[in-house]
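What the coordinates show
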Amino acid sequence: MKYWREPLDLKDIRVPHGVIHILKERCKGCGWCIEYCPRDVLAPSDEINTKGYHPPHVVQADACVSCGLCELLCPEFAIYVEETEGEVVLYER
Amino acid sequence: MSDKTHAGVLSGEFFMQGDIACAEGAICAGCRFFGGYPITPATEVAQWMSERLPVVGGMYIQMEDELASMNAVLGASWAGIKAMTATSGPGFSLMMENLGLGIMMETPCVLVNVQRGGPSTGLPTLVGQGDMMQARWGSHGDYAIIALAPSSPQEIFDLTIDAFNLAERYRTPVLVMTDAEVGHMTEKVVIPPPDEIEIVPRRKPTAPPGEYMPYYVAPGEWVAPMAVAGDGYRIHATGLTHNEKGYPATADDSSQWPLIQRLIDKIEKNRDDIIVLEENGLDDAEVAVISYGIAARTAIWPMQMARAEGIRVGLLRLVTVWPFPDAAIYDLAGRVNGIVVPEINMGQIVREVQRAAAGRTQVISVPHPGGGIHDPYKVLDAIRRAAGRKVEV
Amino acid sequence: MGIEMQGYRLDKTMEQHEEAEGWVDEIHGTHPMDDLLRTDRLPHIWCPGCGLGTALTCFLSALRKSKFDLDKVVVVSGIGCTGRVAGYVRLDSFHTTHGRAIPFATGLKLGNPALKVVVFSGDGDLVTIGGNHFIHAARRNMDITVICVNNFNYGMTGGQAGATTPVGGVTSTSPYGNYEYPFNVSALAAASGAVYVARWTVLHARRLERSIHEALLKPGFSLVEIISPCPTGFGRRHKQREGLDTLHYYHEHGVIKHGADPRETDIGLSGALVEGKFVDLDKPTFLEQRSRRLAQALEK
């Protein structure tokens, strides 16, 4: 990302990061979390849970910015994000 | 009735209409919520409540129909308030749906039916007793019910208090099945001092949240203590068949059996505690008149005429109609030559009397389709026939 | 070291996952929403691709943000798929008869005005069989929040037409296409006197959550209409076999118009699906009106 002027607090801004928790046994495989993750963190997996559904799995853990959309969209209370200490990411490095 | 601002019990002697006595009885019993819908001849109950409840710290609301009225009453009861509604035939029909919900959720409340002539719109301003079987069986599914039948304004007052107490004791809706004659009759009503009125409070749980199960009934008891919304127990109540936690259990009949059996048993097995009967002149009787409500009252004159003719006739008045006093009637049927049942319907409670009498004596129905009280001579003729006298046609 | 769980296998332990990749397989673990759920009743009965779970998540999330004393919050539902919500929330909750959640809730609120009473039910329940109660509670400005999940059909009984089914909608009881004019739930509430009316699809979960939060804090009759997929009953008859297909439809057709005239927000089988906050006004509630009037009348 390029700035026309570098913000003074750029070095203090932390891009949040999240750790995704998937409760696989609750999943009914609707795929909403995968489809609407803005950072494409999730993907369908080949695993099958006891109900016969394919829960998602994380393919780009680093990309998660803990927006929580997967948690809010999931109709099964099967996924949530735990926000962790974000890192200072200077894009123009 | 002059001092409207006096909160609570208006002790004293009054010349009072039956419907108003009903409302005052409710207030004495601690009723602080009325949800209703105007309908002749029960409207005066709602009118009186709309005036009285706000000054005794209660809540009155006129709902959009009787379906809503019954639900609002259930909701108020689950908020911890003693609640009541009053209606007549057409409204009673609409209330049947959620009377069932009240029974299933075990919700204490009182439903007053000031009966008029039916079916349908029928005779809005005139008397009837045609809802007696609807009171017993009107909502779908199997259940038991308590129904009381007052025959004077004083008794409406007394029985409305009893109804609230029974509702709390057995955690169930209780019906007061009065009629247009009694509801619109104005008579002397004595309201006792507050300390002479027995009031059954709601039994609250003592178990801490987490251990309390809303429908767990301890051994030797018939109902569970009742936590209400806001008590911190985070209860769930449903009209579905449920288990002790109150959770739906609809996969098979494993919860249906104990639940429905208990809903019936808690009333049927406590008949001795619930049933009130009034006997008059039955000790030497050869003929018994069995009746209730206004029909029992209008049977007194023909009974006096029969006595004057030398027929030993007595009265068994059903103050409690449901649960039905099977044992008392079986016993009576073994002692008399005949039973006469006048009622302002085409023969409803007489069927129960026949069943309870079990063929031990003849049972004679004196029907009336509603719209008036019995011609006393029709009752007299029935008494004569029961006594084996010749009846001129 | 792998863990054998019934039916599938994990190659790593949870800790290894967490360490190695920054994510966690919990299998049977707990969710941050679990303290608001009757977890002993999960999984819920709703089909895969149904939006009801999302609607419930948004509600619980908004409820948590509202900072209400949760012991004083009551959820009342009627009958139907949405009617089951009351059975899943770890709050005082009542699952009443079909269409009657609003009058039951009215009794609760008037019986104890300290309660925060929320009605959570479906379109068939609230505006078809319970339509009379809906308009009258709005007319009174009764102090309750109503969350109406609208999926345009009766899901529980197998996808029958109802008062919200769009013209042309094919259901199990409108096999040739529905020819009745439907109700617009939001417009009905607005016309009847609701002080807060908003509509969102479950896809717009963030905005939905914010609207529910606003509605919960709004004194008087507030309505949040949630447009939600029913792949089993409605979607599959309209080229939306999966819930995801319906979400795609929402993405393509959803148009956010705050302050739109509710009369111009009718929902059809195609065309714009107008969402947003339509009504937000201040008006004394039923209880306020009552208190004022009684104070005036009884002072004399």
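Residues numbered from 1 in each chain as written. Chains lettered and ligands numbered in written order. Predicted model: local features only at pLDDT ≥ 70, side-chain atom pairs only at ≥ 80, totals over all residues. Heavy atoms only, no water.

**Considering the overall build of chain B**
Within chain B, the regular secondary structure consists of 14 helices and 16 strands. For a compact globule of 393 residues, the expected C-alpha radius of gyration is about 21 Å, and chain B comes in at 21 Å, within 12% of that figure. In terms of its C-alpha atoms, chain B occupies a principal-axis envelope of roughly 70 × 55 × 40 Å. A burial count over chain B gives 62% of its 393 residues as buried. Across chain B, every contact between residues at least 6 apart in sequence was considered, and the portion connecting residues at least 24 apart equals 77%. (Helix = DSSP H or I, 4+ residues; strand = E, 2+ residues; numbered from the N terminus. Rg over C-alpha atoms; globule rule 2.2 N^0.38 Å. Buried < 20%, exposed > 50% of the residue type's maximum accessible area, 1.4 Å probe, protein only. Contact = heavy atoms within 4.5 Å.)

**Describing the pattern of salt bridges**
All names here are of chain C. One pass over the structure, following the stated rule, counts 36 salt bridges over all chains. The partner of Arg263 in a salt bridge is Asp261, and the shortest N-O contact between them spans 2.9 Å. By relative accessible area, which is 67% here, Arg263 ends up exposed. Bridged by salt links that share partners, the residues Glu214, Lys218, Lys277, Asp280 and Asp282 form one connected network. (Salt bridge = Lys/Arg side-chain N within 4 Å of Asp/Glu carboxyl O.)

**A closer look at the interface of chain C and chain B**
Counting from both sides, the interface comprises 39 residues of chain C and, opposite them, 41 residues of chain B. For the chain C and chain B pair, buried surface summed over both sides reaches about 3200 Å², with 58% attributable to carbon and sulfur atoms. For the pair chain C and chain B, the number of links is four salt bridges. Notably, a salt bridge pairs Lys245 of chain B with Asp40 of chain C, separated by 2.8 Å at the nearest N-O pair. Applying the counting rule to chain C against chain B returns 26 residue pairs in polar contact (both at pLDDT 80 or more). Elements with a contribution of two residues or more to the side of chain C that touches chain B: β5 (92-95), α3 (101-111), α5 (131-140) and α9 (286-299) of chain C. Residue contributions to the side of chain C that touches chain B peak at seven residues, all from α3 of chain C. A breakdown of the residues in the side of chain C that touches chain B according to their chemical character gives 15 nonpolar, 13 polar and 11 charged. Bridge count for strand β10 (residues 236-238) of chain B against β5 of chain C is three bridges, and the pairing is parallel. Residue pairing across strands places Ala237 of chain B opposite Phe94 of chain C, the latter belonging to β5 of chain C. (Buried area = accessible area lost by both parts, 1.4 Å probe. Polar contact = N/O pair within 3.5 Å; in protein donor to acceptor, adjacent residues only side chain to side chain. Nonpolar A, V, L, I, M, F, W, Y, C, P; charged D, E, K, R; others polar. Pairing = 2+ DSSP bridges.)

**So, the interface of chain C and chain A**
Chain C puts 49 residues into the contact, and the matching count from chain A is 37 residues. In this structure, the connection of chain C to chain A is made through one salt bridge. Residue Arg26 of chain A pairs with Asp34 of chain C through a salt bridge whose shortest N-O separation is 2.8 Å. The interface formed by chain C and chain A contains 10 residue pairs in polar contact (both at pLDDT 80 or more). Counting residues per element, the ones that place at least two in the side of chain C that touches chain A are β2 (8-10), β3 (23-25), α2 (52-66), α7 (205-217) and α8 (243-253) of chain C. Residue composition of the side of chain C that touches chain A, grouped by class: 24 nonpolar, 18 polar and seven charged.

**Describing the domain arrangement of chain B**
Residue and element names in this part refer to chain B. Assigned domains within chain B: domain 1 (12-195) and domain 2 (277-386). Of note, the centres of domain 1 and domain 2, computed from C-alpha atoms alone, are 26 Å apart. Listed per partner, the contact involves 27 residues of domain 1 and 22 residues of domain 2. Around 1900 Å² of area is buried between domain 1 and domain 2 when both sides are counted, 58% of it from carbon and sulfur atoms. The three residues of domain 1 that bury the most area against domain 2 are Gln129, Met132 and Met133, which together make up 32% of that side's buried surface. For the pair domain 1 and domain 2, the number of links is two salt bridges. Residues Glu187 and Arg297 are paired through a salt bridge, measuring 2.2 Å at the closest nitrogen-oxygen approach. (Domains from an automatic or database assignment.)

**Digging into the nonpolar core**
Counting residues in hydrophobic clusters, the biggest one holds 100 residues, and the most contacted among them are Trp78 of chain B together with Val76, Phe94, Leu108, Phe134 and Ile144 of chain C. The element that contributes the greatest number of residues to this core is helix α4 (residues 89-105) of chain B, accounting for eight residues. For Leu108 of chain C, the residues in contact, after removing those within four places along its chain, are Gly75, Ala76, Trp78, Ala79 and Ala229 of chain B together with Val74, Val76, Phe94, Leu115 and Val117 of chain C. Counting residues in hydrophobic clusters, the runner-up holds 56 residues, among them Trp48, Val112, Ile146 and Phe157 of chain B. (Core = buried A, V, L, I, M, F, W, Y, C linked by side-chain atoms within 4.5 Å.)

**Here's the deal with the packing of helix α3 (residues 66-78) of chain B against α3 of chain C**
At their nearest, the axes of α3 of chain B and α3 of chain C sit 6 Å apart, and the two run at 40° to each other. Put simply, α3 of chain B runs oblique to α3 of chain C. Our pair here, α3 of chain B against α3 of chain C, has a crossing hand that is right-handed. For the pair α3 of chain B and α3 of chain C, the contacting residues are Ala68, Asn71, Ala72, Leu74, Gly75, Ala76 and Trp78 of chain B in the first and Pro103, Phe104, Gly107, Leu108 and Gly111 of chain C in the second. (Axes fitted to C-alpha atoms, helices over the stretch in contact; angles between N-to-C directions. Parallel < 35°, antiparallel > 145°, perpendicular 65-115°, else oblique. Left-handed = near helix turned anticlockwise from the far one by under 90°.)

**Quick word on the packing of aromatic side chains**
One pass over the full model with this rule turns up 10 aromatic pairs over all chains. When the ring of Trp78 of chain B is compared with that of Phe94 of chain C, the centres are 5.2 Å apart and the planes differ by 55°; the resulting orientation is tilted. Of this pair, Trp78 of chain B sits in helix α3 while Phe94 of chain C sits in strand β5, which puts the two residues in different chains. For the residue pair Trp78 of chain B and Phe94 of chain C, the accessibility class agrees, reading buried in each case. Each ring, one from Trp46 of chain C and one from Tyr88 of chain C, has its centre 5.2 Å from the other, and the planes form 75°; the classification is edge-to-face. Of this pair, Trp46 of chain C sits in the loop between β3 and α2 while Tyr88 of chain C sits in the loop between β4 (73-77) and β5, placing them 42 residues apart in sequence. By relative accessible area, which is 2% here, Tyr88 of chain C ends up buried. Every member of this aromatic cluster is reached through a ring pair, and the members are Trp78 of chain B together with Phe94 and Phe104 of chain C. (Phe/Tyr/Trp six-rings, centres within 6.5 Å; stacked < 30°, edge-to-face > 60°.)

**Considerations on helix α14 (residues 376-386) of chain B**
For an α-helix, 3.6 residues make a turn, and residues three or four places apart therefore share a direction. Residues and elements named next belong to chain B. Those residues of α14 that fall on the buried side of the exposure criterion are Pro376, Val379, Leu380, Ala382, Ile383 and Ala386. Seen along its axis, α14 keeps its buried residues to an arc of 160°; they face one direction. If you follow the buried residues of α14, they end up packed against β12 (287-291), α11 (300-308), β13 (313-318), β15 (338-342) and β16 (362-366). Two or three places before Tyr377, at the start of α14, stands the capping residue Asp375, its side-chain oxygen 2.9 Å from that residue's backbone nitrogen. At the exit of α14 stands Gly388, carrying a positive phi of roughly 85°. (Arc of directions from axis to C-beta.)

**Description of the sheet that holds strand β11 (residues 277-280) of chain B**
All names here are of chain B. Sheet architecture is open: five strands sit in the order β11-β13-β12-β15-β16, paired in mixed fashion. Each end of this open sheet is capped by a strand with a single partner; those strands are β11 and β16. Sheet twist, expressed as the average angle between the axes of neighbouring strands with direction ignored, equals 20°. Of the strands in this sheet, β12 and β13 are in contact with α11, which crosses β13 at around 160°.

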